[in-house]
Amino acid sequence: MRFADLDAVTLDAFGTLLTLIDPVPVLIESLRERGIEARAEQVTEGFAAEGEYYKSRSLEGRGEESLARLRLDCTGVFLRAAGIHLDPAEFVDAYIEALRFELLPGAAGAVASLRRRGLALAVVGNWDMTLPDHLAQLGLGDLPVVTSAAVGAAKPDPAPFHVALDPLGVEPARALHIGNEEADELGAKAAGMHFAWAPVSAALEGLE
């Protein structure tokens, strides 16, 4: 497969375009402000448990009320897994504020390279309704975004890919998805698309 075989490229979000800035120091400080001394190990364990919980429930955060419920539930999972006795409602705002993202090295340049080639682009992520805001803050706000929350289905379901490609007017056989998880590969192939593993810069080198 070469660039000449493609009309569009879709990109996964987390782990492909952006990543999380280590939240552990911020969470430890937020807990200390509430009179709770927590070890890095227990905060890390709690955060890992919350990440797994969120993974299969991202599509639940599709509106303001459902997003608030999801965030509260995730905060509760974090606190329980970390062994911290605190009302989730008292910590949810601090927990969410600790989740800060940054672009992965080379991601911005790879997106610019794809644009120069005239390829249609979209982001397809298993994420709640806030993904477009995060991308906008990182300078990628002009990319079309399809989330599991908006579609009501998460990768590896092919539905998010079809929702992304339909407005672009691109047939799946002329589209490539770049991602970093098995759900990306399975979903893209189920939708009839090509697939390449992140990082994006390495995937593009394979198309030259």
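Our subject is the structure that appears above.
Predicted model, so just to flag it, every value in this text is computed and none were measured. (Residues numbered from 1 in each chain as written. Predicted model: local features only at pLDDT ≥ 70, side-chain atom pairs only at ≥ 80, totals over all residues. Heavy atoms only, no water.)

Undergrad: What's the story with the pairing of strand β6 (residues 175-179) in this structure? I'm lost.
TA: Note on strand geometry: in a regular strand, side chains alternate between the two faces of the sheet. Extensive coverage of β6 is indicated by the burial of 5 of its 5 residues. Going residue by residue along β6, you find Ala175, His177 and Gly179 tucked away on one face and Leu176 and Ile178 tucked away on the opposite face as well. Relative to β6, strand β1 (residues 8-11) is paired through 4 bridges, and the arrangement is parallel. Paired with Ala8 across the bridge in β6 is Ala175. Judged from the 4 bridges that link them, β6 and strand β7 (residues 194-197) form a sheet pairing that is parallel. Within β7, the position partnered with Leu176 by the bridge is His194. A crossover links β6 with its parallel partner β7, the connecting element being helix α9 (residues 182-190), and its sense is right-handed. (Buried < 20%, exposed > 50% of the residue type's maximum accessible area, 1.4 Å probe, protein only. Helix = DSSP H or I, 4+ residues; strand = E, 2+ residues; numbered from the N terminus. Pairing = 2+ DSSP bridges. Right-handed = clockwise from strand over helix to strand, strands pointing away.)

Undergrad: I tried to follow the pairing of β1 on my own but got confused; where do I start?
TA: Burial of the side chains of β1 extends over both faces: Ala8 and Thr10 are buried on one face and Val9 and Leu11 on the other. Two strands pair when backbone bridges link them, and β1 and strand β4 (residues 120-125) are joined in this way by 4 bridges, in the parallel orientation. Note on β4: the bridge partner recorded for Thr10 is Ala122.

Undergrad: Mind showing me how you'd approach the pattern of salt bridges here?
TA: As enumerated under the stated definition, the model contains 9 salt bridges in all. Salt-bridge contacts for Arg39 lead to Glu41; the nearest nitrogen and oxygen are separated by 3.8 Å. The same class applies to Arg39 as to Glu41, namely exposed. (Salt bridge = Lys/Arg side-chain N within 4 Å of Asp/Glu carboxyl O.)

Undergrad: I would appreciate a short explanation of helix α1 (residues 24-33) in the present structure.
TA: In an α-helix, one full turn covers 3.6 residues, which means residues spaced three or four apart are oriented alike. Turning to α1, its buried residues number three or more, namely Val24, Leu27, Ile28, Ser30 and Leu31. Down the axis of α1, the buried side of the element spans an arc of 165°, and every buried residue falls inside it. The inward-facing, buried residues of α1 contact α2 (40-55), α3 (64-82) and α4 (88-97). Phi turns positive one or two residues past the end of α1, at Gly35, with a value near 80°. (Arc of directions from axis to C-beta. Contact = heavy atoms within 4.5 Å.)

Undergrad: Just checking my understanding: could you explain the packing of aromatic side chains for this structure?
TA: In this description, a pair of aromatic rings is defined by centroid distance and the angle of the planes. The tally for this structure, following the rule as stated, stands at 7 aromatic pairs. Ring centres of Phe14 and Trp127 lie 6.4 Å apart, and the angle between their planes is 65°; on these two criteria the pair is classed as edge-to-face. Within this pair, whereas Phe14 is found in the loop between β1 and β2 (18-20), its partner Trp127 is found in the loop between β4 and α6 (131-137), the two being separated by 113 residues in sequence. Measuring from ring centre to ring centre gives 6.3 Å for Phe78 and Phe91, while their planes differ by 15°; the resulting arrangement is stacked. With Phe78 in helix α3 and Phe91 in helix α4, this residue pair connects regions lying 13 residues apart in the sequence. Three or more aromatic residues link up through ring pairs in this structure, and these residues are Phe47, Phe78, Phe91 and Tyr95. Lying over the aromatic face of Phe3, Arg117 brings its terminal NZ or CZ to 3.8 Å of the ring centre. (Phe/Tyr/Trp six-rings, centres within 6.5 Å; stacked < 30°, edge-to-face > 60°. Lys NZ or Arg CZ within 6 Å of the ring centre and 35° of its normal.)

Undergrad: Just to check I follow, could you spell out the packing of α1 against α4 for this structure?
TA: Angle between the axes and distance between the axes: these two values describe a pair of packed helices. Look at α1 against α4: their axes get within 10 Å of each other, and the N-to-C directions meet at 150°. The orientation of α1 relative to α4 falls into the category roughly antiparallel. Between α1 and α4 lies a crossing of right-handed hand. Along its contact with α1, which presents Leu27, Ser30 and Leu31, the element α4 presents Phe91, Ala94 and Tyr95. Across the contact of α1 with α4, the residue classes tally to 5 nonpolar, 1 polar and no charged. (Axes fitted to C-alpha atoms, helices over the stretch in contact; angles between N-to-C directions. Parallel < 35°, antiparallel > 145°, perpendicular 65-115°, else oblique. Left-handed = near helix turned anticlockwise from the far one by under 90°. Nonpolar A, V, L, I, M, F, W, Y, C, P; charged D, E, K, R; others polar.)

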